[in-house]
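Structural characterization, general
So the chains spell out like this:
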Amino acid sequence: MSETQLSAARSENGERAHGAPAMGDVKPGMLGQALKLGLRDFVRKPMYGIGFGLFYVIGGWLMAWLTVASGQSYWLTFAAIGFPLLGPFAAVGLYEVSLRLERGWEINWPLIAGVVWRQSKRQLPSICAIIIIVFLFWFFLAHMIFALFLGLAPMTNVSSSFEIYTTTNGITMLLVGSIVGFLFALLLYMITVLSLPLLLDREIDFVTAMITSFAYVQNHFVVMLMWAAIVAGVTFLALLPGFLGLLICLPVLGHGSWHLYALIKAAGVQEEG
């Protein structure tokens, strides 16, 4: 039995246990263990991770090129909306690879694609819709914050009038916007970090999955915030070499997220026993 064998409540033919499972306390050591297991899965089946990561790399290149070529920053807005819309499906694909490696099941592209496609008929699109709604609300609020502090300030172009951001109002706007943006990012993290693997693993509605995820992070805030910091930090560093680092970091983090969920579930079983 592997370290996370207790994770899988789903059978090979797709049958799932119902409802949220018991979840044990997350320990700081589990974060490193999850990353180690995620790296192991990536090394064992690298083409699946690279395949899903390539979507983000090419998408990042395309949006950057369109922004430079057109001189219009709204292409980045489309990217910010499009990636969260499709991102959960890529995550589920990586979770499925890890699950099949863990259970010794067959792995090939048609099987993985089939699982992702079936998820599109279940609860996953509803979570994607929630993510998009939160993003759109954040974009609206960001414009409101900008207008509140800099709406009357003289500038030639938002993208080129950088000196405006060094004024008192500009610095205040950046500070307030960063705090509000962090809170929105934290909300999205709290409702998705465990709900996405839950939807693959269990027969559960998306509302219950999001509530379960939010409540768990709330009750284990410090350690789960450490995981969020790891994910954010590694992803940011991966963006620096022309998005190419995403080919490795996204698969490792995706596999690792599944294993973190699995380890939390296994801890719950041990605590109940």
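A brief report on the enclosed structure follows. The structure displayed is predicted, hence computed values, not measured ones.

1. As for the overall build of the protein chain
- Helix and strand counts for the protein chain come out as 10 helices and two strands.
- Along its sequence from the N terminus, the protein chain presents helices and strands in the succession β-α-α-α-α-α-α-α-β-α-α-α.
- Long-range contacts, defined here as pairs at least 24 residues apart, represent 78% of the contacts in the protein chain between residues at least 6 apart.
- Accessible surface, the protein chain: about 13700 Å² in total, of which carbon and sulfur atoms supply 71%.

2. Describing a nonpolar patch on the surface
- The grouping of Leu54, Ile58, Trp61 and Leu244 at the surface amounts to a nonpolar patch, some 370 Å² of accessible area in total.
- Under the relative-accessibility criterion, Leu54 is labelled partly exposed at 36%.

3. Observations regarding the side chain of Ser257
- With respect to the helices, strands and loops of the structure, Ser257 is situated in helix α10 (residues 246-272).
- Judged by relative accessible area, which is 15%, Ser257 ranks as buried.
- Excluding residues within four positions of it along the chain, Ser257 makes contact with Tyr95 and Trp227.

4. Things to note about the pattern of salt bridges
- Across all of its chains, the model carries four salt bridges by this definition.
- The salt bridge partner of Arg40 is Asp41, with a shortest N-O separation of 3.2 Å.
- Note on Arg40: relative accessible area 33%, which makes it partly exposed.
- Taking relative accessible area as the criterion, Asp41 reaches 0% and is therefore assigned buried.

5. As for helix α4 (residues 109-119)
- Along α4, the residues classified as buried are Ile112, Gly114, Val115, Val116 and Gln119.
- In this structure Asn108 caps α4, since a side-chain oxygen of it lies 2.8 Å from the backbone nitrogen of Leu111.

6. Here we look at the environment of Pro125
- Mapped onto the fold, Pro125 is located in helix α5 (residues 124-150).
- Taking the C-alpha atoms as reference points, Pro125 and Phe206, separated by 81 residues in sequence, lie 9.2 Å from one another.
- Not counting chain neighbours up to four residues away, the residues in contact with Pro125 comprise Phe89, Gln119 and Ser120.

7. What to know about the packing of helix α6 (residues 168-192) against helix α8 (residues 206-219)
- Relative to each other, α6 and α8 sit at 115 degrees, their axes nearing to 6 Å. Considered as vectors, α6 and α8 are oriented roughly perpendicular to each other. Residues Leu187, Tyr189, Met190, Ile191 and Thr192 of α6 form the contact with α8, whose own contacting residues are Met210, Ser213, Phe214, Val217 and Gln218.
- Here the residues of the contact of α6 with α8 are counted per class, giving seven nonpolar, three polar and no charged.

8. Regarding the nonpolar core
- Ranked by size, the top nonpolar core spans 54 residues in total, and within it Val26, Tyr189, Met224 and Leu260 carry the most contacts.
- Filtering out sequence-adjacent residues up to four positions away, Tyr189 remains in contact with Val217, Met224, Trp227 and Ala228.

9. So, the packing of aromatic side chains
- Counting across every chain of the model gives eight aromatic pairs.
- Here Phe55 and Tyr56 contribute two aromatic rings whose centre-to-centre distance is 5.0 Å and whose plane-to-plane angle is 80 degrees, an arrangement assigned as edge-to-face.
- Taking 6.2 Å as the distance between ring centres and 55 degrees as the angle between the ring planes, the aromatic pair formed by Phe135 and Phe139 counts as tilted. Separated by four residues within a single helix, Phe135 and Phe139 lie in helix α5, roughly one turn from each other.

10. Description of the environment of Tyr216
- Position of Tyr216 among the secondary structure elements: in helix α8.
- Distance in space between the C-alpha atoms of Tyr216 and Asp25 is 9.1 Å, their sequence separation being 191 residues.
- For Tyr216, the residues in contact, after removing those within four places along its chain, are Met23, Gly24, Asp25, Val26, Leu194, Met224 and Ile264.
- At 3.0 Å, the side chain of Tyr216 and the backbone nitrogen of Val26 are in polar contact.

11. Let's talk about the environment of Ala209
- Mapping Ala209 onto the fold places it in helix α8.
- Separated by 18 residues in sequence, Ala209 and Ile191 place their C-alpha atoms 8.0 Å apart.
- Beyond its immediate stretch of four places on either side in the chain, Ala209 contacts Ser195, Leu198, Leu199 and Ile204.

Reading the values: rules and limits
- Residues numbered from 1 in each chain as written.
- Predicted model: local features only at pLDDT ≥ 70, side-chain atom pairs only at ≥ 80, totals over all residues.
- Heavy atoms only, no water.
- Helix = DSSP H or I, 4+ residues; strand = E, 2+ residues; numbered from the N terminus.
- Contact = heavy atoms within 4.5 Å.
- Areas by Shrake-Rupley, 256 points an atom, 1.4 Å probe, with all protein chains shown as cover.
- Patch = residues over 30% accessible without salt bridge, like charges linked within 9 Å, V, L, I, M, F, W, Y side chains within 5 Å.
- Salt bridge = Lys/Arg side-chain N within 4 Å of Asp/Glu carboxyl O.
- Buried < 20%, exposed > 50% of the residue type's maximum accessible area, 1.4 Å probe, protein only.
- Polar contact = N/O pair within 3.5 Å; in protein donor to acceptor, adjacent residues only side chain to side chain.
- Axes fitted to C-alpha atoms, helices over the stretch in contact; angles between N-to-C directions.
- Parallel < 35°, antiparallel > 145°, perpendicular 65-115°, else oblique.
- Nonpolar A, V, L, I, M, F, W, Y, C, P; charged D, E, K, R; others polar.
- Core = buried A, V, L, I, M, F, W, Y, C linked by side-chain atoms within 4.5 Å.
- Phe/Tyr/Trp six-rings, centres within 6.5 Å; stacked < 30°, edge-to-face > 60°.

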